[in-house]
Amino acid sequence: MGLVTDRLPGLLEPMPGGSILITSVDAIINWSRANSLWPLAFGTKCCAIEMLMATGAPHQDMARFGAEVARQTPRQADLMVIAGAIVKKMAPRMRLLYEQMAQPRYVIATGSCAISGGPFMYNSYTIVRGADEIVPVDVYVPGCPPRPEAFFWGLLALQKLIKSGESIRHPGIRKKPVLAAMPQGITADEIKQQLRTLLEKENTIDIENEANNRSWAQKVDQWTQKI
Amino acid sequence: MTAIVRTLDEILIAPAHPGRGATQEYFLNMGPQHPIAHGSLRVILLLDGETIRKVIPVPGYVHRGIEKMCEHLNYRQIIHLTDRMDYLSALMNNWAVARTVEKAAGIEINDRIESIRTIMAELQRIQSHALWWGVLGMDLGAFTAFLYSFRDREIIGEIFEETIGARLTMNYIQPGGVMYDITPDFTAKVKKVLAYMKRMVEEYDTLLSGNVILQERLRGVGILSEKRAVSLGCTGPVLRAAGLAYDLRKVEPYGAYEKAQFDVVVGTTGDCWDRYYVRIEEMRQSIRIIEQLIDDIPAGPTMVTKFNTKIKLPVGRYYNHVETARGVLGVFIYSDGGDKPYRLHFRSPSFNNMWAITKIAPGWRIADMIAIQSSLDLVIPDIDR
Ligand code: SF4
């Protein structure tokens, strides 16, 4: 991305219509980043079974969100899912793993252990009270363990963050972390329904509508004329 | 007797160069971030080429001090911490503490509670072994096994969700009973699941057991003899695979195991294949146990003590144990007469089973190390506590 993010803006900006182009390139880059997250299989405890293994399995299937390629090495991953308690002995290793991950990198803290120490908050002499003491966290997913649906809720929150986040003009900008708690009183079926509609909206193209909707093509025409 | 304690730095002295023409040994670090670590176990290997010369496990990367924390909690509150040790057999962990407290406080449990506990525990044993089977497949490169086992895990998990309300950290078996009564259609649902799992266990067998690659990688690898298994304190399927028919459910029947007919599965050689097959066979036996118990669950209350009463144990030392999916989980309580333990210790099965790798892995290649460690079915938070 070096060429696109570093050199291109400077070349395009002075051109007529250049800034519009940059903005749309931003949208494309962020869209592809959000939909191709590669999580690092970093699980220390019980949450790992639910967050990394059950979500990757057929019943929940993380592949629907484009985040199923769990990598074992941090160098090929850009999403760290902190699933489980972090203790003092593990903390430096986790920092190292985070620093080895490819840029831009994102962190989801799942489970109360990773958020605050959870059940081990009091009276424990080894626990790190919150993974955000060690690495910057983007999305918190509460629960002990969170349901896989809750994890997807957090994943969608992260995707939203990414889509509205970094841009070519402001590289490396970080949005404020969010708490992706599910609304109170929501049932598992309702969540599934919501996820389904979201997926359908995002990933299907209504061909007839698209053909009638000429605005996109018109815009491109305008730009080319300007240039 | 003197004990010499050496730090890791003292152990890890680089071997001297043996001179021209000979090979040099070197250290390789496996974990804590490694797919075989199943969490975060660090293993240091002394290698000669690809051959393992020595194995040094370094646990402690998820040590949360559960035993110390228990000293600040009363006997009912301790239960929820035991879920977090061996989370794949959370119910059996609950049971171990509940049983120790009940024996010490003299609480009599009725047959209904015993039956429900046994059925739940056996369901979880099936779930745990099925999950292990999938993970072993994944470790050895057969990703399909993982997909199959997690599909079935959800089906058993639905029963837990409906009865207990949790998927993983159950907190269900309490001193004096169980948290919630079973739902009215529990029996019908369990029967359906059993019929399904019966088919599935056969499918597991045909899908993976006959595979030539799997057989080559497991047969004859990592042989743990009976004598060595006993001296290391291994329990559970690891010990039974070595040929000793020691199963607490049979040796010292608790719960409703006395009422049920089942066989203790034993291996012959103690290699990885035996450990694999003992677990497959144990799933069948667990199905058998539940089938015998599910039809006549006795009537009665599901909690014999009041929820908000404090349980006080008389002064003394108490020990009791149950057979979890990984082996014997023992609970030792030193009580000073209060409602909190003065000292509490867990004898966790994974901790003892882990030391088997130091004896059986040397001499094998790194690739075999994966099979050996996976076949021991270690749960790291159970080791570290
Ligand atoms: S939040 Fe709960 S389930 Fe998750 S790792 Fe901590 S104790 Fe385990």
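Before going into details, it helps to say that this report is about the structure given with it. One numbering rule holds for all chains: residues counted from 1, following each sequence as written. All chains are assigned letters beginning with A, and all ligands numbers beginning with 1, in the order in which they are written. Only residues with pLDDT of at least 70 are given local features in this predicted model, and only at 80 or more are side-chain atom pairs given and counted; all residues enter the totals for whole chains, interfaces and linings. Each side-chain value is worked out from all heavy atoms of the structure, with water and hydrogens disregarded.

1. Structural notes on the overall build of chain A
Step number 1: When helices and strands are counted, chain A shows nine helices and five strands.
Step number 2: Only runs of H or I of at least four residues qualify as helices and only runs of E of at least two qualify as strands under DSSP, and these elements are numbered from the N terminus. When the elements of chain A are put in sequence order from the N terminus, they spell out α-α-β-α-β-α-β-α-β-α-β-α-α-α.
Step number 3: For every residue, the accessible area (1.4 Å probe, protein chains only) is compared with the maximum for its type, and the residue is labelled buried under 20%, exposed over 50%, or partly exposed between those bounds. In chain A, which comprises 227 residues, the proportion classed as buried is 46%.
Step number 4: Sequence separation of 24 or more characterises 77% of the internal contacts of chain A that already satisfy a separation of 6 or more.
Step number 5: If you sum the accessible surface of chain A, you get close to 11,700 Å²; carbon and sulfur atoms cover 56% of it. The contact criterion used throughout is that any non-hydrogen atoms of two residues lie within 4.5 Å. Reported accessibility uses the Shrake-Rupley method at a 1.4 Å probe radius. Residues are deemed covered only where the shown protein chains occlude them.

2. With respect to the nonpolar core
Step number 1: In this text, buried Ala, Val, Leu, Ile, Met, Phe, Trp, Tyr and Cys residues form a nonpolar core when linked through side-chain atoms within 4.5 Å. Core analysis: the biggest nonpolar cluster contains 143 residues, and Met80, Ile82 and Ile86 of chain A together with Tyr172 and Tyr276 of chain B have the highest contact counts within it.
Step number 2: Top contributing element to this core by residue count: helix 5 (residues 111-139) of chain B, with eleven residues.
Step number 3: Residues within four places of Ile82 of chain A in sequence aside, it is in contact with Phe42, Met94, Val107, Ile108, Ala109, Thr110, Ala114, Ala131 and Val135 of chain A.
Step number 4: Judged by nonpolar contacts, the second largest core, of 29 residues, contains Cys47, Ile108, Leu158 and Leu161 of chain A.

3. Quick look at the interface of chain B and chain A
Step number 1: Counting residues at the interface gives 38 residues for chain B and 35 residues for chain A.
Step number 2: Accessible-area loss on putting two parts together, using a 1.4 Å probe and summing over both, is the definition of buried area adopted here. Overall, the association of chain B and chain A removes approximately 3,000 Å² of surface from exposure, summing both partners, and the carbon and sulfur fraction of that is 65%.
Step number 3: Three residues, Gln33, Tyr61 and Arg64 of chain B, lead the burial of chain B against chain A; their summed loss comes to 21% of the area buried on that side.
Step number 4: Salt bridge, as used here: a side-chain nitrogen of Lys or Arg that lies within 4 Å of a carboxyl oxygen of Asp or Glu. At the junction of chain B and chain A, the tally comes to three salt bridges.
Step number 5: Arg153 of chain B is the partner of Glu50 of chain A in a salt bridge, and the nearest nitrogen-oxygen pair spans 3.2 Å.

4. Side note on the side chain of Arg167 of chain B
Step number 1: Residue placement: Arg167 of chain B occurs in the loop between helix 6 (143-163) and strand 4 (173-174).
Step number 2: Sequence-distant contacts of Arg167 of chain B, that is, excluding residues within four places in its chain, are made with Glu50, Gln60, Arg147 and Pro148 of chain A together with Arg153, Glu154 and Glu161 of chain B.

5. Looking at the site of the ligand
Step number 1: Any residue with a non-hydrogen atom lying within 4 Å of a molecule or strand is treated as near it. Every residue close to the ligand is listed here: Lys45, Cys46, Cys47, Gly84, Gly111, Ser112, Cys113, Pro119, Gly143, Cys144 and Pro145 of chain A together with Arg84 of chain B.
Step number 2: The local environment of the ligand is shared, drawing residues from chains A and B.
Step number 3: Among the elements of the structure, helix 3 (46-54) and helix 5 (111-116) of chain A are those that each provide at least two residues to the shell around the ligand.
Step number 4: For the shell around the ligand, the leading source of residues is helix 5 of chain A, giving three residues.
Step number 5: Of the residues assigned to the shell around the ligand, the class counts are six nonpolar, four polar and two charged. When residues are grouped by polarity, Ala, Val, Leu, Ile, Met, Phe, Trp, Tyr, Cys and Pro land in nonpolar, Asp, Glu, Lys and Arg in charged, and all others, Gly among them, in polar.

All quantities given are derived from atomic positions and should not be read as evidence of function.
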